[in-house]
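Below are the chains, spelled out letter by letter.
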Amino acid sequence: MANAAAPLARTLSELTREGEIYERLPESAVRCYSCGHRCFIPEGRPGICKVRFNEGGRLLVPWGYIGALQVDPVEKKPFFHALPGALALSFGMLGCDYHCGYCQNWITSQAIRDPKAVAMPEQMSPAQLVSLARRHEAPILASTYNEPLITSEWAVAVFKEVSQAGLVCAYISNGNGTEQVLDYIRPYVRLYKVDLKSFRDRNYRALGGTLKNVLDTVVMLQRKGFWVEIVTLLIPGFNDSDGEITDIARFLAGVSPDMPWHVTAFHKDYKMTDPDNTPPATLLRAAEIGRKEGLRFVYAGNIPGAVGEFENTRCPPCGALLVERVGYRILDYRITRRGTCPECDASIPGLWRGGAYHAQAGPSGAAASAPGAHAIS
């Protein structure tokens with residue numbers, strides 16, 4: 001089994017192109033800036049992700065293929081403030097810069113690293129992905145299933161054509177970014193979901209990252225004008241204490257009280273089979289803490305019908321029901337085409353049906369400067 005991933009590694013090494021998010025260093029080394037590891041890569045070696053590697057003093061990166069493809073409701077990503085009820089064509093490549101033991105997409109994310117994770121790539125062009133999105137009437141294309149930051153050059157190549165077709169682009173990410181990669185994708189990526197996995201650095205180090213870098217990335221995303229939603233998968237005994245939940249909520253409210261926070265339930269997966277599955281009571285407790293700390297949009301996910309009001313979107317000023325949900329289904333949608341509450345006319349942060357967009361307020365209450373922060377066709 002130890003050599004099972006070798007043919008896959010050889011195949012992936014041929015589906016490459018020279019990267020753009022790196023610098024050349026003396027003695028044919030390079031420094032990669034696609035993720036927060038900022039790998040120093042000597043000639044002939046890969047980075048931590050295993051899919052970006054130095055060949056002859058050039059950084060070669062994944063290109064021209066997909067490792068997974070599916071049409072999902074946008075609520076599954078999850079985005080609750082981005083075209084509710086719309087479909088998202090979700091594509092992924094292979095590899096990740098983390099090694100989470102509970103990864104639900106480990107077949108793609110842990111390819112090469114784990115001999116049992118062998119998902120074969122399928123060559124595909126940006127035009128084919130745009131065509132598929134149109135065929136399925138999906139207005140959103142999302143890079144997901146592996147860590148999109150480490151395949152950003154390919155995502156940008158796809159998203160250039162996607163943007164020209166009038167579609168919306170999204171990243172589903174662990175948030176282990178750098179300023180260089182965020183500036184690189186910003187002209188094309190509008191929606192960005194971050195998995196904020198914990199508020200304890202020791203937990204992050206066990207997964208292959210650091211807490212500070214993810215927190216810095218969340219701040220940068222908001223300041224650069226991305227639409228940001230945060231997910232925290234609550235795992236019993238790992239990150240579900242009142243203290244840690246409070247720390248997460250307080251941090252997010254300090255970045256933007258308009259940033260939706262989704263607390264979701266763990267279920268046994270991949271290598272993590274010891275903790276119990278997360279009960280609804282834990283999600284409800286976390287959601288109440290989020291509201292208490294000043295977050296205006298807190299959602300409890302992936303246990304449909306068991307979390308009451310925390311599946312719905314309400315107007316913060318007047319409490320009117322704006323979007324009623326059960327799971328991924330939209331039961332009622334009442335936000336106006338101007339992106340406002342039909343009862344009190346308050347602007348509701350998000351990207352809404354008809355194209356109205358209202359940015360997230362920053363810590364001072366001012367909206368982030370966002371290129372294209374206006375109605376779209």
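For the structure itself, consult the block above.
Treat the numbers as computed from the prediction; the structure is a model and nothing was measured. (Residues numbered from 1 in each chain as written. Predicted model: local features only at pLDDT ≥ 70, side-chain atom pairs only at ≥ 80, totals over all residues. Heavy atoms only, no water.)

> Describe the overall build of the protein, naming the residues involved and giving the relevant values.
Across its full length, the protein carries nine helices and 21 strands. Counting across all 377 residues of the protein, residues that qualify as buried make up 59%. In the protein, once contacts between residues fewer than 6 apart in sequence are set aside, the share between residues at least 24 apart is 64%. On the protein, roughly 15,100 Å² of surface is accessible, and the fraction owed to carbon and sulfur atoms is 50%. (Helix = DSSP H or I, 4+ residues; strand = E, 2+ residues; numbered from the N terminus. Buried < 20%, exposed > 50% of the residue type's maximum accessible area, 1.4 Å probe, protein only. Contact = heavy atoms within 4.5 Å. Areas by Shrake-Rupley, 256 points an atom, 1.4 Å probe, with all protein chains shown as cover.)

> A description of the packing of aromatic side chains should follow, citing residues and the corresponding values.
In this description, a pair of aromatic rings is defined by centroid distance and the angle of the planes. In the structure shown here, the tally under the stated rule is eight aromatic pairs. Each ring, one from F91 and one from F159, has its centre 6.0 Å from the other, and the planes form 75°; the classification is edge-to-face. With F91 in strand β9 (residues 87-92) and F159 in helix α4 (residues 152-164), the pair connects residues that are 68 residues apart, well separated along the chain. Of the two residues, F91 and F159, neither departs from the other in class, the shared state being buried. Pairwise contacts between aromatic rings join F91, F159, Y171, Y192 and F226 into one cluster. (Phe/Tyr/Trp six-rings, centres within 6.5 Å; stacked < 30°, edge-to-face > 60°.)

> Outline the nonpolar core, supporting the account with residue identities and numerical values.
Where a protein is soluble and globular, its nonpolar side chains tend to be buried together. Counting 71 residues, the largest nonpolar core has L141, F159, Y192, L196, L252 and W261 as the members making the most contacts within it. Residues A82, A88, A142 and L191 belong to the second largest nonpolar core, which totals 16 residues. (Core = buried A, V, L, I, M, F, W, Y, C linked by side-chain atoms within 4.5 Å.)

> Residues and numbers for the pairing of strand β13 (residues 191-195), please.
Burial runs high along β13: four of the five residues are buried. Relative to β13, strand β12 (residues 168-173) is paired through four bridges, and the arrangement is parallel. Each residue of the ladder has a partner; that of I172, found in β13, is K193. On the question of chirality, the crossover connecting β12 to the parallel β13 by way of helix α5 (residues 179-185) is right-handed. (Pairing = 2+ DSSP bridges. Right-handed = clockwise from strand over helix to strand, strands pointing away.)

> Which residues make up the pairing of strand β15 (residues 261-265), and what values go with them?
For β15, the buried fraction is high: five of the five residues fall into the buried class. Alternating positions in β15 separate into two faces, W261, V263 and A265 on one and H262 and T264 on the other, with burial throughout. Across five bridges, the pairing between strand β14 (residues 227-234) and β15 is parallel. If you follow T232 over to β15, its bridge partner there is V263. This β-α-β element, β14 to helix α8 (residues 242-255) to β15, shows right-handed connectivity. Of the strand pairs in this sheet, β15 and strand β16 (residues 298-301) are connected by four bridges, and their pairing is parallel. The partner of V263 across the bridge, within β16, is A300.

> Can you lay out the pattern of salt bridges for me, pointing to particular residues and giving the numbers?
All told, the structure shown has 17 salt bridges when counted by the stated rule. Linking D258 and R296 is a salt bridge whose minimum nitrogen-to-oxygen distance equals 2.6 Å. A residue pair is termed long-range when its members are at least 10 positions apart, and D258 in the loop between α8 and β15 and R296 in the loop between α9 (280-292) and β16 qualify at 38 residues. Of the residues examined, D258 reaches a relative accessible area of 5% and is grouped as buried. On the accessibility criterion, R296 (44% relative accessible area) is partly exposed. Each of the salt bridges in this network shares a partner with another, and the network as a whole consists of E18, R24 and R58. (Salt bridge = Lys/Arg side-chain N within 4 Å of Asp/Glu carboxyl O.)

> Quick one: what's the story with helix α7 (residues 211-223), residue by residue and with numbers?
The end-to-end C-alpha distance of α7 is 19 Å, a good match for the 18 Å that 13 residues give at a rise of 1.5 Å each. Among all positions of α7, only L211, N213, V214, L215, T217, V218, V219, M220, L221 and Q222 are buried. Contacts made by the buried residues of α7 are with α5, β13, α6 (201-207), β14 and α8. Remark: G225 follows α7 within two positions and exhibits a positive phi of approximately 90°. (Expected span 1.5 Å × (residues − 1).)

> Lay out the environment of R200 in plain terms, naming residues and giving numbers.
Within the fold, R200 resides in the loop between β13 and α6. The spacing of R200 and F238 is 38 residues in sequence and 9.5 Å in space, taken between C-alpha atoms. Leaving out residues up to four positions away in the same chain, R200 has contacts with L211, G243, E244 and D247.

> Explain the sheet that holds strand β19 (residues 329-333) residue by residue, including any values.
What the three strands build is an open sheet, ordered β17-β18-β19; its pairing is antiparallel. Edge positions in the sheet fall to β17 (313-314) and β19, since each has one partner strand and no second. For strand β18 (residues 321-326) and β19, the ladder comprises four bridges, and the chain directions are antiparallel. Of the residues in β19, the one forming a bridge with V326 is R329.

> If you had to explain the packing of α7 against α8 to someone new, which residues and values would you point to?
Contact geometry of α7 with α8 gives a least axis separation of 10 Å together with a crossing angle of 30°. Classified by the angle their axes make, α7 and α8 are roughly parallel. When the axes of α7 and α8 are compared, the crossing they make is right-handed. Two secondary-structure elements touch here, α7 through L215, V218, V219 and Q222 and α8 through F251, L252 and V255. Among the residues forming the contact of α7 with α8, the class breakdown is six nonpolar, one polar and no charged. (Axes fitted to C-alpha atoms, helices over the stretch in contact; angles between N-to-C directions. Parallel < 35°, antiparallel > 145°, perpendicular 65-115°, else oblique. Left-handed = near helix turned anticlockwise from the far one by under 90°. Nonpolar A, V, L, I, M, F, W, Y, C, P; charged D, E, K, R; others polar.)

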